[in-house]
Each structure stands twice: as structure tokens, then as C-alpha cells.
Amino acid sequence: MSPGARWAIAAGAALVWAVVRATDGEVVNGGGWSAFAEFWTTIVRPETSAEFLRLTIDAAATTLALAILGTALAVAIGVVAAPLLAERTSPRPVRRFVRALLTVPRGVHEVIWAILLAEVLGFDPWVGIIAIGLPFGAISAKVFAETIDETDPAAYERLRSLGAGRLAALVYGIVPTIRGELTSFGFYRLECAIRSAAVLGVIGVGGLGFQLDLSFESLRYDEIWTLIVALMLLSGSADWLSGRLRRRARDGRSTVERERRVLASGLAATAFAIGASWLWLAPDAGLIGSERTRDRFVGLVDDLVPPRLGPGGWSELIGATVDTIAMAVIALAIAVSLGLLVALRAARPVGRTADSIGPGSRITGWGLRLLLLLWRAVPAPIWAFLLVLVLFPGVWPGAVALGIYNAGVVGRLFAEVIEERDPGPSDRLQALGAPAIIRTLYATIPTAAGRLVSIALYRSEVIVRETVVVGVVGAGGLGQLINEHRAARDLAATAGAVLAMIALAALIDVVSARIRCDLRPDRTVTVRRSTRRRRALAVS
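Quick summary incoming for the structure in this document. (Residues numbered from 1 in each chain as written. Predicted model: local features only at pLDDT ≥ 70, side-chain atom pairs only at ≥ 80, totals over all residues. Heavy atoms only, no water.)

Okay, the nonpolar core next. Core analysis: the biggest nonpolar cluster contains 111 residues, and Ile 228 and Val 470 have the highest contact counts within it. Here Val 470 is in contact with Met 327, Ala 380, Pro 381, Ala 384, Gly 398, Ala 401, Leu 402 and Ala 475, once residues within four sequence places are set aside. Formed by 19 residues, the second largest nonpolar core is a distinct cluster that contains Ile 139, Val 143, Leu 170 and Ile 178. (Core = buried A, V, L, I, M, F, W, Y, C linked by side-chain atoms within 4.5 Å. Buried < 20%, exposed > 50% of the residue type's maximum accessible area, 1.4 Å probe, protein only. Contact = heavy atoms within 4.5 Å.)

Let's shift gears to the environment of Leu 234. Secondary-structure assignment places Leu 234 in helix α11 (residues 221-250). The class for Leu 234 is buried, based on a relative accessible area of 15%. A sequence separation of 173 residues divides Leu 234 from Ala 61, and the C-alpha atoms of the two residues are 9.5 Å apart. Beyond its immediate stretch of four places on either side in the chain, Leu 234 contacts Ala 60, Thr 63, Leu 64, Ile 194 and Leu 208. (Helix = DSSP H or I, 4+ residues; strand = E, 2+ residues; numbered from the N terminus.)

Glancing now at the packing of helix α5 (residues 110-121) against helix α13 (residues 291-304). For the pair α5 and α13, the least separation of the axes is 8 Å and the interaxial angle reads 130 degrees. Of the possible angle classes, the one that applies to α5 and α13 is oblique. Within the contact between the two elements, α5 uses Leu 116, Glu 119, Val 120 and Leu 121 and α13 uses Thr 293, Arg 296, Phe 297, Leu 300 and Leu 304. (Axes fitted to C-alpha atoms, helices over the stretch in contact; angles between N-to-C directions. Parallel < 35°, antiparallel > 145°, perpendicular 65-115°, else oblique.)

Right, let's get into the environment of Phe 187. The residue Phe 187 is located in helix α9 (residues 175-202) in this model. Distance from Phe 187 to Leu 84, taken between C-alpha atoms, is 23 Å for residues 103 residues apart in sequence.

Okay, a nonpolar patch on the surface next. Taken together, Phe 297, Val 298, Val 301 and Val 305 make up a surface patch of nonpolar side chains, about 350 Å² in accessible area. The residue Val 301 is located in helix α13 in this model. Using a relative accessible area of 32% as the deciding quantity, one classes Val 301 as partly exposed. (Patch = residues over 30% accessible without salt bridge, like charges linked within 9 Å, V, L, I, M, F, W, Y side chains within 5 Å. Areas by Shrake-Rupley, 256 points an atom, 1.4 Å probe, with all protein chains shown as cover. Salt bridge = Lys/Arg side-chain N within 4 Å of Asp/Glu carboxyl O.)

Next up on the list: unusual backbone geometry. Cis geometry marks the peptide bond from Val 305 to Pro 306, where omega comes out at -5 degrees. As for its position among the elements, Pro 306 is in the loop between α13 and α14 (313-346). Although it is not a glycine, Leu 219 sits at a positive phi angle of roughly 55 degrees. The residue Leu 219 is located in the loop between α10 (208-217) and α11 in this model. Look at Leu 219 and you get partly exposed, because its relative accessible area is 47%.

Coordinates in, geometry out; function isn't part of it.
Pasting the structure below:
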């Protein structure tokens, strides 16, 4: 039996186990269907009063400003740490130390960082900025380091042979060739940061997520749809901008002079955006180094260390961990299934211009891409809030909420992979008169299967960490346990549950790495990953 078949059987068995685990008790709440239906029928009459629109614009500006400053911090961390992580520019002891140093920021979800930071900084805008910047910075450092290592080393080695130091050789020999990739990745992280800023709003940081939480608590569905449209506009605009920059980076027709003009205008726009965001949020510049902050930080460390079990002991922690695994398995199955089904129709036909695509196909494609945008623009806790109307609290509402949210993310990435596949096999089957379903099953999916599986595996690691964000609405698992300990002000037990989450995420990382190794066609060959694939693997 091939490794792929063995892992497929194991995945099927894991899904069956997860469904059985999640269905231990009542699942569907029949009394909530009227409220659920009312939410969806309100889509045609969102709140459009002048006062609420002003509130929505202010909240959107706060979300965008948090995302911009958080992304700026993340890119700064990535730029500083990447040369220390890259094999080409850093000695092994330094690489190992920096890699270990960045493990925790990358492994802890930004919601956890925000909860801990709020204990020290209150609800100053610094909480959202740092909560986004730390984990995204660790991810950016990893991606930037991989980009450095995968770049043609000729110019770098030539400068080194002439006596240039590692940093100078990096700046003048490598950076000019990867500048476009780093820029496009930075804007992609901005798109992710907008979604993260919305999630942080649900726990009190402010912005659109905070307003969504208030509207859900009062069941004002018309307000919710207005806020959702604002989120979609923000996320869609960032998506469009990052996509345009990626296409520009791949365009080999750009002249040096044009690149310089684009870089200069981009730097000016970035500086303006950072300055405007700083003025809008007005974070307390003296708060970080103040004596009050230092005292609170020392007190937080005393409360967190040493971590311990909660009142329920090991049985409570193990049960929550098992529920988290079941939630992640079901969420991944939903995300991959929905994402693939939509992506197959949302993807633009390979090798065809926009003019050659019929109006029906264009409308369908735009509609499905808009659906993917809706799924990923609405934060997972909001989906969970909605689902607990019709599903009893537990694993299922959290799993379905994470599945819908992540279907929007992986669906978009799947569509990009399908658009970039080799069109030859599909064209040959079409020439033989094969119907669309046969071309999809025997040409489209097989030619893109490797990258589709890679994206799904990497997304599984993210989903495990994201289970914490649906715990705030009683969706079960370690996320709910962390929220309960935090509400009880038992920070040592909170730290114990967070460590269990980190350990589980590390275990999933190991398992997914093993699966990728077994499924690689030639295990002795290291395949250079494209910029798009690096971005897909690092998505959060």
C-alpha cells in the first residue's frame, strides 16, 4: 500500500472518530432556527442610518490602523531576524538560538497574546499592535529567511569574496533581487492582519470586531450586516492590492526605472499609512517603558509561573485537548471540502483571456469569489456566535465556524493553485470530448494535488491554534478552558492550558511534516518553493 493510501485511510478514520466524539450528546438546537433564519433574511435591509454608518467607518478605520501598525511591527521583526535565521547569512549557533526564540511567538495565537498583554497594558492600542506584530513577525522572519536561502547566491558570494561582510553582501547582493517578493508578502500579511484585528476586536481591543460583538449580544442583525460589509470591503481591498503587487513582482517586463518609481511611491504611501494610523490610534508612547507597566509585567509573570492544572486536574485538560483535536479534524474536513468545491468553479480558466470567458462563467466566478471573501472576512468567533443559535455549545459550533472561516482562506489559495496548474492534461481530455466532471477528476485535481495537499496540511497547523478563538462562545476544547480559567482570574491554570495548546500545535506540526515527507515524490530532492507557495504555507 502506498504512503498516500495509508494516510488517506488514517485521515478517514480520524474524521469518523472526531464526528463520533463531537456527537456525544445533543447537537442541534431546534429552538434557534427562527433567530438563525432572521439573521439571513436581514441581509437585504442592513442598518444604513447616518449615525451608525459613521460608527462603522470609525470602527473600520480602527481595524485598518491596528492592522497597518501590527504589520509594520511584524515586517520590522522579520527584517531584523531573517538574516539571523538564514543559513546563508548566519552561523549555526545563532540560527538555532533565534529559531528557538521565535518558536513561542509563532506557536501562540494572537488572541492569547492580546489577553496577556491586556493584563499589563490595559486596553491601550498597543495591545492589538503587539498581539499582531509578535506572531506575524516570527512568521515573517521564517519566510524572509527562506527567501534569502532560496535566492541565487552568485552576487552574494562575489561580494563576500571581495571582502564584504555578511550584512553588506546581503543588502547589496540579495535584497535587490527579492525586494518584490518581500514587498508582496508584506502586503499579504496586511490582509491577514485585518482579519486578526477583527478577531481581536471581539475580545475588547476595538474596531469592527468589537462592534460586531456588541451587535450580536443585542441581536441587532441589521447592524451586523453593515459591519460585515465593511469587513469585506477592507479584506477585499487588501486582497486586491496584494494580488496586484504579486502579479507585478512576477512581471518580467518591468524596467529598472519603473521599479524604482514603484518602490519610491510604495515607500511614501507606506510611511503615510503608518503615520496616519499612529495618529488615529494615538497609542501611549510612554506606556511601554513606564514603571506601572514594569510592575504589572512582574505581577503577570508571578501569576503565570509556574503553570499548573486547573480545578478539574488532568482529566479536564486531557478532555479539552481531545475535544480540540476533534474540532480541528472536523474543521479541516469542512474547510477542504467546501474550499475545493468552490475553488474549482471560482478559479479562472487557465490560458484564457477575460474576453474569451462567457458572461455566465464570469458572473459565477465573481459570485463564488465573493462567497469566499465573505467566509474569510467574518471572524471565526462571529460564525461561532451565529452557529450557537442552532447548535448546542460544544465541539460542533466551533468546528463548523472554523470550517467555514478557513474554507474562505483555503478556497482562495486552492483557486490560485488551480489557475497555475499545467493545462495540458485537461485540454487533451477536452479535445477528446470528455465532460467537465471527467476533466476535473482526472486532470485538474491530479495535476494540482501535491500543492493542494500541502496547503491543507499547513492549514491544519493553523486551525489547531485557531480553536482558541471560538472558545469565547463556549465552543469547547482548550479555547473554552483557557477562557474559563481567565474569567476566574486563575492565570497559572491559564498558562497550563496554553502550554497544552502549544504542545498540541507542535505535535500537529510534526505529524504534518511526516505526511509531507511521505507524500513527496522524491524524498532525496529538495524542491524550490515558489513565492506563492511560501505565502500559502505561512498563511494565518
